[in-house]
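Commentary on secondary and tertiary structure
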Amino acid sequence: MAVMDAQNPLLGETTCGTLLQKLQEIWDEVGESDEERDKMLLQIEQECLDVYKRKVEQAAKSRAELLVTLSDAKLELSTLVSALGDKSFLGVDTVKASGTIKEQLAAIAPALEQLWKQKEERVKEFSDVQSQIQKICGEITGSANEQAGAPAVDESDLSLKKLNEYQVKLQELQKEKSDRLHKVLEFVGTVHDLCAVLGMDFFSTITEVHPSLDDKTCVQSKSISNDTLLRLAETVSALHEDKKQRIHKLQELATKLTDLWNLMDTPEEERRLFDHVTCNISASVDEVDVPGALALDLIEQAEVEVERLDQLKSSRMKELAFKRQVELEEIFAHAHIEIDPEAAREKIMALIDTGNVEPAELLADMDNQITKAKEEALSRKEILDRVEKWMSACEEESWLDDYNRDDNRYNASRGTHLNLKRAEKARILVNKIPGMVDTLVAKTRAWEEDRGISFKYDGIPLLAMLDEYAMLRQEREEEKRRLRDQKKFGEQQNTEQEPIFSSRSTPARPASTKKVVGPRTNGTPGRRLSLSASQNGSRSAAKEGKRDSMRVAAPTNFVAISKEDAASHVSGTDRSPASP
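From a predicted model like this one, the values you see are computed outputs, not experimental measurements. (Residues numbered from 1 in each chain as written. Predicted model: local features only at pLDDT ≥ 70, side-chain atom pairs only at ≥ 80, totals over all residues. Heavy atoms only, no water.)

A few points about helix H6 (residues 160-198)
In this model, H6 (39 residues) spans 55 Å end to end at C-alpha, consistent with the 57 Å of a helix rising 1.5 Å per residue. Following H6 by one or two positions, Gly 199 adopts a phi angle in the positive range, close to 70 degrees. (Helix = DSSP H or I, 4+ residues; strand = E, 2+ residues; numbered from the N terminus. Expected span 1.5 Å × (residues − 1).)

Here you go:
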């Protein structure tokens, strides 16, 4: 009861002093010694010190925890501000740098809350942008269906700058997607057009590339992957190549059809049945855009027609070959090239009858011969034109000789004035004959040197004809001079003969050393060689040194040469004079 009474004061206001006083009273009552009392007081003091010490440690620990919390809060605040990239955040400026720890924590808490909320919003924005980027990248790479889950957001950098970079990248990808989609649609349209022209099934062709390219699929759902674009490009390239081959094949068939029609004179009504084939005979690849214009059945139809016409052509082979032979003979005849038509026709008959050559090859060979004959005729045209002019002049020369021998040419009769006019023109033309011959010889020699063969006119060397004409012309003029000299011998003195001859002499004209040809019956050059090869050779050799310095000139009424040239010519040959 005494103890309980002593404790009663504890129920009221109890302090260390009252407790110590109470303890002293107890010790007095008990009779504790001073040593015991000192020992117990020292123990009490130690126990109090331990209590304080524990409390201080607890307080220090609590303060340390608060400091860590404050440090973590500041670090998190700094991290969030750095991650968000917003250093001017409103909540950061209000945080107190001084004050108690709890005051500082209380000041940071609202800012942290606001930053966390802003971070969540920013993370959502990043996630949305990155998801769209991931989706478009998947569409481009062709792995859109393989992407699983939302993309991981890097929370260490949630700044607006980084978000803007992602948004710019997204815009670039959206533009690329739009461009790819446009390209895909362009490819699909090209495939559609090519399939229509080629007569192919568009649906099966385009779905082989990718099922989403079907017309029933919405535009935004169509595949734009690299693989799809590559396969579309390959498909378009393959269809273009197929189109080129079919056009080439169709144009070959159209050309064959046209050639066969022209060869066999096919009626226009029959030709019109294949207008859809021949209308593209010279068209380019891009110009052929009519649906079904290059369908396989159309090409097969043209092939069947070509085969039918080929068989028909074989049955008319002789008619076609002889038609070409006639054309070839006409070209040679017009070009004055001598051939053996009978032997050529017999050879054609033999080739056709024996079947040793394909009809097409024979016709092609004859076409080649015709082409070469035309080229040969074209190369001879200039010389042949000059030959015709020369022969025409020789005809006039012959007529003029006959006219000069007519003693009644000046008698007044009907048509006399016309003959006088013709004679005057003939004299002018005859005076040009030496120049014609010289030019013709030069042209002929140049032609022969260029081709290494002799230029023949109806089988006769042209230079030989010109040589023969020059000789006959000189002989004829010598005969005229002898007759004239005999007539004037008794009337003129020897002193007057030299001026007469010198007035008539002209510079010599070089003559050809080729073979000579026989004259016409009227004194003009013939179109066939009339002298033998031995006569031509001996005559050319004898005249080699002298004819190179000869030239024919004509005065007003007749053609004359110098006396010295005439004498040298007569002494060098042993020919009887030709009658004019």
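Still more to cover.
Describing the packing of aromatic side chains
Inspection of every chain in the model, using the stated rule, returns 5 aromatic pairs. Consider the rings of Trp 390 and Tyr 469, whose centres lie 5.3 Å apart with planes at 85 degrees: the pair is edge-to-face. Of this pair, Trp 390 sits in helix H14 (residues 359-405) while Tyr 469 sits in helix H17 (residues 462-488); the two residues are 79 residues apart in sequence, bridging distant segments of the chain. Overall, the relative accessible area of 0% leaves Trp 390 in the buried class. When the ring of Trp 447 is compared with that of Phe 455, the centres are 4.9 Å apart and the planes differ by 85 degrees; the resulting orientation is edge-to-face. Here Trp 447 matches Phe 455 in class, with each residue buried. Sitting above the plane of the Phe 455 ring, Arg 380 keeps its charged end 4.1 Å from the centroid. If you follow Arg 422 out to its NZ or CZ, it ends over the ring of Trp 399, 4.1 Å from the centre. (Phe/Tyr/Trp six-rings, centres within 6.5 Å; stacked < 30°, edge-to-face > 60°. Buried < 20%, exposed > 50% of the residue type's maximum accessible area, 1.4 Å probe, protein only. Lys NZ or Arg CZ within 6 Å of the ring centre and 35° of its normal.)

Points about the packing of helix H2 (residues 16-30) against helix H3 (residues 34-84)
Helix packing geometry: the angle between the two helix axes and the distance between the axes. At a minimum axis distance of 12 Å, the contact between H2 and H3 shows a crossing angle of 155 degrees. With respect to their mutual orientation, H2 and H3 come out roughly antiparallel. Crossing angle aside, the handedness with which H2 passes H3 is right-handed. Only Arg 37, Met 40, Leu 41 and Ile 44 of H3 make contact with H2, whose side of the interface consists of Leu 20, Leu 23, Gln 24, Trp 27 and Asp 28. For the contact of H2 with H3, the per-class residue count stands at 6 nonpolar, 1 polar and 2 charged. (Axes fitted to C-alpha atoms, helices over the stretch in contact; angles between N-to-C directions. Parallel < 35°, antiparallel > 145°, perpendicular 65-115°, else oblique. Left-handed = near helix turned anticlockwise from the far one by under 90°. Contact = heavy atoms within 4.5 Å. Nonpolar A, V, L, I, M, F, W, Y, C, P; charged D, E, K, R; others polar.)

Notes on the environment of Leu 429
Tracing the chain through its elements places Leu 429 in helix H15 (residues 416-431). Between the C-alpha atom of Leu 429 and that of Ala 393, which follows or precedes it by 36 residues, the distance is 6.2 Å. Those residues in contact with Leu 429 that lie beyond four places of it in its chain are Ala 393, Glu 396 and Met 436.

A short note on the UniProt feature "coiled-coil region" (unreviewed entry) in the chain
As annotated by UniProt and renumbered to match this structure, "coiled-coil region" (unreviewed entry) occupies residues 156-183. End C-alpha to end C-alpha, residues 156-183 measures 39 Å, and it is 86% helix and 0% strand. (UniProt positions renumbered as here; feature names shortened; annotations may be inferred.)

Notes on unusual backbone geometry
Here the phi dihedral of His 336 falls at roughly 60 degrees; this positive angle occurs in a residue that is not glycine. Relative to the assigned elements, His 336 resides in the loop between helix H12 (317-334) and helix H13 (341-354). Judged by its relative accessible area of 16%, His 336 falls in the buried class. Non-glycine residue Asp 458 carries a positive phi angle of around 55 degrees. Checked against the element boundaries, Asp 458 lands in the loop between strand E1 (456-457) and strand E2 (460-461).

Re the pattern of salt bridges
If charged atoms from side chains of opposite charge come close, those side chains can pair. In this structure the tally under the stated criterion is 27 salt bridges. One salt bridge in this structure joins Glu 139 and Lys 177, with 3.2 Å as the shortest N-O distance. Pair noted here: Glu 139 is in helix H5 (residues 101-141) and Lys 177 is in helix H6, with a separation of 38 residues, a long-range link. Taking relative accessible area as the criterion, Glu 139 reaches 16% and is therefore assigned buried. Put simply, Lys 249 and Glu 303 hold a salt bridge, and the shortest N to O gap is 3.4 Å. Of this pair, Lys 249 sits in helix H8 (residues 226-264) while Glu 303 sits in helix H11 (residues 296-315), and the two are 54 residues apart along the sequence. Among the residues examined, Lys 249 registers a relative accessible area of 33% and is labelled partly exposed. When salt bridges with common partners are traced through the structure, they connect Glu 397, Asp 401, Arg 473, Arg 476, Glu 477 and Lys 480 into a single cluster. (Salt bridge = Lys/Arg side-chain N within 4 Å of Asp/Glu carboxyl O.)

Section: helix H7 (residues 202-209)
All buried positions along H7 are accounted for by Phe 202, Thr 205, Ile 206 and Val 209. Taken down its axis, H7 places every buried residue within 90 degrees of arc, on the same side. Among the structural elements, H6 and H8 are those in contact with the buried residues of H7. The opening residue of H7 is Asp 201, an N-cap whose side-chain oxygen sits 3.4 Å from the backbone nitrogen of Phe 203. (Arc of directions from axis to C-beta. Polar contact = N/O pair within 3.5 Å; in protein donor to acceptor, adjacent residues only side chain to side chain.)

Some points on a negative patch on the surface
Together, Asp 34, Glu 35, Glu 36 and Asp 38 make up a region of like negative charge exposed at the surface. If you trace the backbone, Asp 34 turns up in helix H3. (Patch = residues over 30% accessible without salt bridge, like charges linked within 9 Å, V, L, I, M, F, W, Y side chains within 5 Å. Areas by Shrake-Rupley, 256 points an atom, 1.4 Å probe, with all protein chains shown as cover. Lys, Arg positive; Asp, Glu negative; His and termini not counted. Charge placed at Lys NZ, Arg CZ, Asp CG, Glu CD.)

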